[in-house]
Amino acid sequence: MKRLLVATHNFHKVKEIELFLSDIPIQIISLVDLDINLKVEETAESFKSNALKKAKEYQRLSGEITLAEDSGLEVFSLGGQPGVISARYGGEELNDSERVNFLLKEMENIDGWNRAARFVSVVVLINNNGELMNVSQGYLNGFISHQKIGSNGFGYDPIFWLPEKSTTTAKLSLIEKNKISHRGKALKAIKPTLKSLYRIV
Ligand code: IMP
C-alpha cells in the first residue's frame with residue numbers, strides 16, 4: 001500500500017489527521033513508526049516557516065512523501081500569543097494542563113469579547129523527491145473560557161470555547177472536531193493534491 005509520513009511526534013495530531021484522510025487508500029505512518037526521534041527546532045517566526053522546516057527535514061530523513069503541520073493558538077488581546085510558541089508557552093517543562101493554567105492566569109483580568117482567540121494550522125506536503133507540492137492553512141475562531149471543560153483532544157482544547165456549540169473543543173469527538181477545526185480545514189484544502197500525488201481519482 002502507498003504510504004504517507006505524517007511528520008509529528010504528537011499522537012493526538014496523528015490520530016486527527018489519520019481519521020481525516022481515512023477515505024484515501026493510503027497507509028499513514030508516523031515518526032514513531034520510522035524510529036525517527038530527532039526533534040526539529042521550531043524556531044521560525046511563522047507557522048508556515050516552521051511547517052516547511054519540519055516537512056523538509058523529515059522528508060530528507062525518511063525519503064517518504066511527507067505531510068507536516070504547524071499549529072497554535074492566537075489570543076487577539078495578547079497580541080497573538082501564545083502563537084508559534086503555543087507548545088512551549090509558560091515554559092518547556094509544563095504539561096498541557098499546567099500550560100492551560102498558565103494562560104488562564106495570564107488572562108484572569110480579561111473579560112468578554114477580549115477573550116476572542118483562534119486556532120491556526122498550516123499543512124505542508126512534500127513529495128519523495130523533496131519537492132514542495134502544496135501549502136494550506138485553516139483557522140478556527142472561538143473564545144478562551146474561564147475554566148477547563150471537557151477531556152477530549154489535547155493542548156488548549158479544554159479552554160477553547162465555541163459559542164455555536166456552547167461548549168469547548170475538548171467536548172467534541174474526533175469526527176466533530178475534524179469537521180470544523182483549523183486542522184480539518186487545512187487538510188481539506190490539501191486533499192486534492194494528495195490524491196493526485198498518489199494518482200487516486
Ligand atoms: P506544534 O504544531 O507541534 O508546534 O504544536 C502546536 C501546539 O498548539 C500544541 O502543542 C497545542 O498546545 C496547540 N494546539 C494546536 N492545535 C491544537 C488543537 O487542535 N487543540 C488544542 N491545542 C492545539
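Residues numbered from 1 in each chain as written. Predicted model: local features only at pLDDT ≥ 70, side-chain atom pairs only at ≥ 80, totals over all residues. Heavy atoms only, no water.

A. Geometry of the overall build of the protein chain. The secondary structure content of the protein chain amounts to five helices and eight strands. Ordered by position in the sequence, the α and β elements of the protein chain form the string β-α-β-α-β-β-α-β-β-β-β-α-α. The C-alpha atoms of the protein chain give a radius of gyration of 17 Å, which matches the 17 Å a tight globule of 201 residues would have. Expressed as lengths along the three principal axes of its C-alpha atoms, the size of the protein chain is roughly 50 × 30 × 25 Å. Residues classed as buried in the protein chain amount to 51% of the 201 residues present. Taking contacts inside the protein chain between residues at least 6 apart in sequence as the whole, the part at least 24 apart equals 62%. Accessible area for the protein chain stands at about 10100 Å²; split by element, carbon and sulfur atoms hold 50% of it. Of the charged side chains in the protein chain, 26 are positive and 24 negative, and the gap between their average positions amounts to 6 Å. (Helix = DSSP H or I, 4+ residues; strand = E, 2+ residues; numbered from the N terminus. Rg over C-alpha atoms; globule rule 2.2 N^0.38 Å. Buried < 20%, exposed > 50% of the residue type's maximum accessible area, 1.4 Å probe, protein only. Contact = heavy atoms within 4.5 Å. Areas by Shrake-Rupley, 256 points an atom, 1.4 Å probe, with all protein chains shown as cover. Lys, Arg positive; Asp, Glu negative; His and termini not counted. Charge placed at Lys NZ, Arg CZ, Asp CG, Glu CD.)

B. Seen up close, a nonpolar patch on the surface. A cluster of nonpolar residues, Leu 19, Leu 174 and Ile 175, forms a patch on the protein surface that exposes about 230 Å² of accessible area. Topologically, Leu 19 is positioned in helix α1 (residues 11-20). With relative accessibility at 31%, the residue Leu 19 sits in the partly exposed group. (Patch = residues over 30% accessible without salt bridge, like charges linked within 9 Å, V, L, I, M, F, W, Y side chains within 5 Å. Salt bridge = Lys/Arg side-chain N within 4 Å of Asp/Glu carboxyl O.)

C. Molecular detail of the environment of Val 32. Structurally, Val 32 is set in the loop between β2 (27-30) and α2 (47-62). Its relative accessible area of 57% is what places Val 32 among the exposed residues. For the pair Val 32 and Tyr 156, spaced 124 residues apart in sequence, the C-alpha separation works out to 24 Å.

D. Representation of the nonpolar core. One finds Leu 4, Leu 21, Ile 26, Leu 67, Leu 125, Leu 194 and Tyr 198 to be the most contacted residues of the largest nonpolar core, which totals 20 residues. The contacts of Leu 4, once residues within four sequence positions are left out, are Leu 21, Ile 26, Gln 27, Ile 28, Ile 29, Ile 65, Thr 66, Leu 67, Leu 125, Leu 194 and Tyr 198. (Core = buried A, V, L, I, M, F, W, Y, C linked by side-chain atoms within 4.5 Å.)

E. Fine view of the side chain of Gln 59. Turning to its location among the elements, Gln 59 is positioned in helix α2. Judged by its relative accessible area of 7%, Gln 59 falls in the buried class. Those residues in contact with Gln 59 that lie beyond four places of it in its chain are Glu 64, Thr 66, Ile 126, Asn 127, Asn 128, Asn 129 and Gly 130.

F. Just the packing of α1 against helix α5 (residues 182-197), in detail. Here α1 crosses α5 at 45°, and the two axes come no closer than 11 Å. For the element pair α1 / α5, the angle class is oblique. In this structure, the crossing between α1 and α5 has a hand that is right-handed. Contacts between α1 and α5 pair Lys 13, Glu 16, Ile 17 and Phe 20 from the former with Arg 183, Gly 184, Leu 187, Lys 188 and Lys 191 from the latter. (Axes fitted to C-alpha atoms, helices over the stretch in contact; angles between N-to-C directions. Parallel < 35°, antiparallel > 145°, perpendicular 65-115°, else oblique. Left-handed = near helix turned anticlockwise from the far one by under 90°.)

G. Region of interest: the pairing of β2. In the sheet, strand β1 (residues 3-6) pairs with β2 via four bridges, with the strands oriented parallel. Across the sheet, Val 6 pairs through a bridge with Ser 30, a residue of β2. The handedness of the β1 to β2 crossover, carried by α1, is right-handed. (Pairing = 2+ DSSP bridges. Right-handed = clockwise from strand over helix to strand, strands pointing away.)

H. Quick peek at the pattern of salt bridges. Following the criterion strictly, the structure yields 13 salt bridges and no others. With a shortest N-O distance of 2.8 Å, Arg 183 and Glu 69 are connected by a salt bridge. With Arg 183 in helix α5 and Glu 69 in strand β3 (residues 66-75), the pair connects residues that are 114 residues apart, well separated along the chain. Accessibility classification places Arg 183 together with Glu 69 in one group, the buried group. A cluster of three or more residues bridged by salt bridges with shared partners is formed by Lys 13, Glu 16, Glu 69, Asp 157, Lys 177 and Arg 183.

I. Broad picture of the site of the ligand. The local shell around the ligand holds 16 residues, among which Lys 13, Glu 42, Asp 157, Lys 177 and Arg 183 are the closest. One of the side-chain nitrogen or oxygen atoms of Lys 13 is found 2.6 Å away from an oxygen atom of the ligand. Contacts to the ligand include Asp 70, whose side-chain N or O atom sits 3.2 Å from an oxygen atom. Expressed as a share of its isolated accessible area of 490 Å², the protein-covered part of the ligand is 93%. (Near = heavy atom within 4 Å. Polar contact = N/O pair within 3.5 Å; in protein donor to acceptor, adjacent residues only side chain to side chain.)

J. Highlighting a negative patch on the surface. A grouping of Glu 41, Glu 92, Glu 93 and Glu 98 is seen on the molecular surface, where their side chains present a negatively charged patch. Structurally, Glu 41 is set in the loop between β2 and α2.

K. Region of the structure containing the environment of Phe 160. Structurally, Phe 160 can be placed in strand β7 (residues 160-162). Judged by its relative accessible area of 0%, Phe 160 is buried. In sequence terms Phe 160 and Asn 141 are 19 residues apart; their C-alpha atoms lie 9.0 Å from each other. Leave out the neighbours within four places in its chain, and Phe 160 touches Leu 73, Ala 117, Arg 118, Phe 119, Leu 140, Asn 141, Gly 142, Phe 143, Ile 144, Thr 167, Thr 168 and Thr 169.

Read these as layout, nothing more, since geometry by itself doesn't imply function.
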